[in-house]
Amino acid sequence: MAETMIAMDDRVRLRTWTSGAGKPAVVMLHGGPGLPDYLAPVAGLIDDLCAVHRYDQRGTGGSPWAGEHTIARHMRDLARLLDAWGHERVVLVGHSFGTDLAGHFLLAHPGRVAGLVQLAGPFTEPWRDADRAAQRARRSGRQQARLEELDAIEVRGEAEEIEYLALSWCTDHADRARAWEWALAAARALRPVNYAMNRQLNAAKRADPLEGRLDELRELLPPGATIIGGAGDSRPAGALRRLANRLGCTVDIIPDAGHHPWLEAPGRFRAALRAAVARGPGASRPPVQPAAGR
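A brief report on the enclosed structure follows. Just so it is clear, the model here is predicted, and its values are computed rather than measured.

**Notes on the pairing of strand 8 (residues 250-254)**
Turning to step 1, where the next piece is worked out: The sheet contact formed by strand 7 (residues 226-230) and strand 8 spans 5 bridges and is parallel. Residue pairing for strand 8: threonine 226 is matched across the bridge by threonine 250.

Pasting the structure below:
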């Protein structure tokens, strides 16, 4: 796996990784917003099929930057990376907030998207109330009280920040026996969180929601586009089914998996991801079916 720093149009350098070889290349877009890349295990599932690129979005991990985060700024970064890697068209694989970035890139640069695989997102309304209810049900009363206590602290120490993130993320997982273990590992690895970036890009999402552009997305969607989610995510799988129905794309909801399905259902997820990437250009879209609930 090769690590390379690539300069953007404003001279900011982004940390990138490339593994594998072959086209069409895959570019992975991690979630957050405000977290560094964590998709190396996912890249390893497909980099025998094609080249796979990953990067720390500006302001995270090895791509330090301080400034106003906008969707347009991140779209320019991604276009610049494609140029630097020498790709006119790529398959985008987004996870969580990365699915929103992938959707906006498709809207802005449809000619550069050869394929689209969306992991655990994007979630379009209505979904937030169901997610909040599931999160509260998965935390004990003591955990919820502690989360609220830590959230009220303006400047948390290192141990407090790790505990806060673990309490925030432990509801992502369907396997409740291992949920804390996975959340704690992520909390230790994915710091520091860029909270300013998180606030700014979440505000940008609210200002220009994908919900308002679904008809346009459907028209631009590349053949073989796929949404993969976990039935045990706190976020409702029914929202992904409704979105797939609206877009006319394939949806694969993996049983007993949460927001990071490669952790809880590695075999099933690997097969689904490889099939989605291999499906690529030339595949036909499935007929639109009545939307199913969660």
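After that view, the rundown keeps rolling.
**Structural notes on the pattern of salt bridges**
Turning to step 1, where the next piece is worked out: All chains considered together, the criterion is met by 24 salt bridges.
Turning to step 2, where the next piece is worked out: One salt bridge connects aspartate 83 with arginine 112, and the closest N-O pair in it is separated by 3.0 Å. Taken together, the positions of aspartate 83 in helix 2 (residues 71-85) and arginine 112 in the loop between helix 3 (97-108) and strand 6 (113-119) put the pair 29 residues apart, joining distant regions of the chain.
Turning to step 3, where the next piece is worked out: Classification of arginine 112 by relative accessible area gives buried; the value is 11%.

**Some words on the pairing of strand 6**
Turning to step 1, where the next piece is worked out: Of all 7 residues in strand 6, 7 are buried, a share of seventy percent or more.
Turning to step 2, where the next piece is worked out: For the segment spanning strand 5 (residues 90-95), helix 3 and strand 6, crossover handedness is right-handed.
Turning to step 3, where the next piece is worked out: Sheet analysis places strand 6 next to strand 7, joined by 3 bridges and oriented parallel. If you follow leucine 119 over to strand 7, its bridge partner there is isoleucine 228.

**Let's talk about helix 6 (residues 158-169)**
Turning to step 1, where the next piece is worked out: With 12 residues, helix 6 should cover 16 Å at 1.5 Å per step; its first-to-last C-alpha distance of 17 Å lies within 8% of that length.
Turning to step 2, where the next piece is worked out: Those residues of helix 6 lying buried are Glu161, Ile162, Tyr164, Leu165, Ala166, Leu167, Ser168 and Trp169.
Turning to step 3, where the next piece is worked out: At its buried positions, helix 6 is contacted by helix 5 (141-151), helix 7 (179-189) and helix 8 (195-207).

**Quick notes on the nonpolar core**
Turning to step 1, where the next piece is worked out: Counting residues in each nonpolar core, the largest one holds 45 residues, and the members touching the most others are Val27, Tyr55, Leu78, Leu92 and Phe105.
Turning to step 2, where the next piece is worked out: Those residues in contact with leucine 78 that sit more than four places away from it in its chain are Val27, Leu29, Tyr55, Leu92 and Phe105.
Turning to step 3, where the next piece is worked out: In terms of nonpolar packing, the next biggest core, distinct from the first, is built from 39 residues, Leu35, Ile46, Leu147 and Leu150 among them.

**Section: the packing of aromatic side chains**
Turning to step 1, where the next piece is worked out: Evaluated as defined, the whole model comprises 2 aromatic pairs.
Turning to step 2, where the next piece is worked out: Where phenylalanine 123 meets tryptophan 127, the ring centres are 5.4 Å apart and the plane angle is 35°; that geometry is what we call tilted. Note on accessibility: phenylalanine 123 and tryptophan 127 belong to one class, buried.
Turning to step 3, where the next piece is worked out: Plain terms: the ring middles of tryptophan 262 and phenylalanine 269 are 5.8 Å apart, the flat faces sit at 55° to each other, and that makes the pair tilted. In terms of burial, tryptophan 262 and phenylalanine 269 fall into one category: buried.
Turning to step 4, where the next piece is worked out: In this structure, arginine 58 packs its charged tip against the face of tryptophan 65, placed 4.6 Å from the ring centre.
Turning to step 5, where the next piece is worked out: The ring of tyrosine 164 carries the charged tip of arginine 156 above its face, separated from the ring centre by 3.8 Å.

Cut-offs and rules
Numbering of residues begins from 1 in every chain and follows the order in which that chain's sequence is written. Side-chain atom pairs in this predicted model are given and counted only at pLDDT of 80 or more, local residue features only at pLDDT of at least 70, and totals for whole chains, interfaces and linings cover all residues. The basis for the side-chain values is all heavy atoms of the structure; hydrogens and waters are excluded. Paired strands are those between which DSSP finds at least two bridges. Helix and strand definitions here come from DSSP, where helices need a minimum of 4 consecutive H or I residues and strands a minimum of 2 consecutive E residues; each element is numbered from the N-terminal end. Any carboxyl oxygen of Asp or Glu within 4 Å of a side-chain nitrogen of Lys or Arg constitutes a salt bridge here. Whether a residue is buried, partly exposed or exposed follows from its accessible area with a 1.4 Å probe, protein chains only, as a fraction of its type maximum: under 20%, in between, or over 50%, in that order. Place the viewer so that the strands point away; then a crossover is right-handed whenever the path from the first strand over the helix to the second strand goes clockwise. To estimate how far a helix should reach, multiply one less than its number of residues by 1.5 Å. Throughout, a contact is declared for two residues whenever any of their heavy atoms are within 4.5 Å. We call a set of buried Ala, Val, Leu, Ile, Met, Phe, Trp, Tyr and Cys residues a nonpolar core when their side-chain atoms join them within 4.5 Å. When the centres of two rings from Phe, Tyr and Trp lie within 6.5 Å, Trp using its six-membered ring, the rings pair. Their planes under 30 degrees apart give stacked, over 60 give edge-to-face, and anything left gives tilted. Note on criteria: charge over ring means Lys NZ or Arg CZ within 6 Å of the ring centre, with the direction from the centre no more than 35 degrees off the ring normal.

All we've got here are geometric facts, nothing functional implied.
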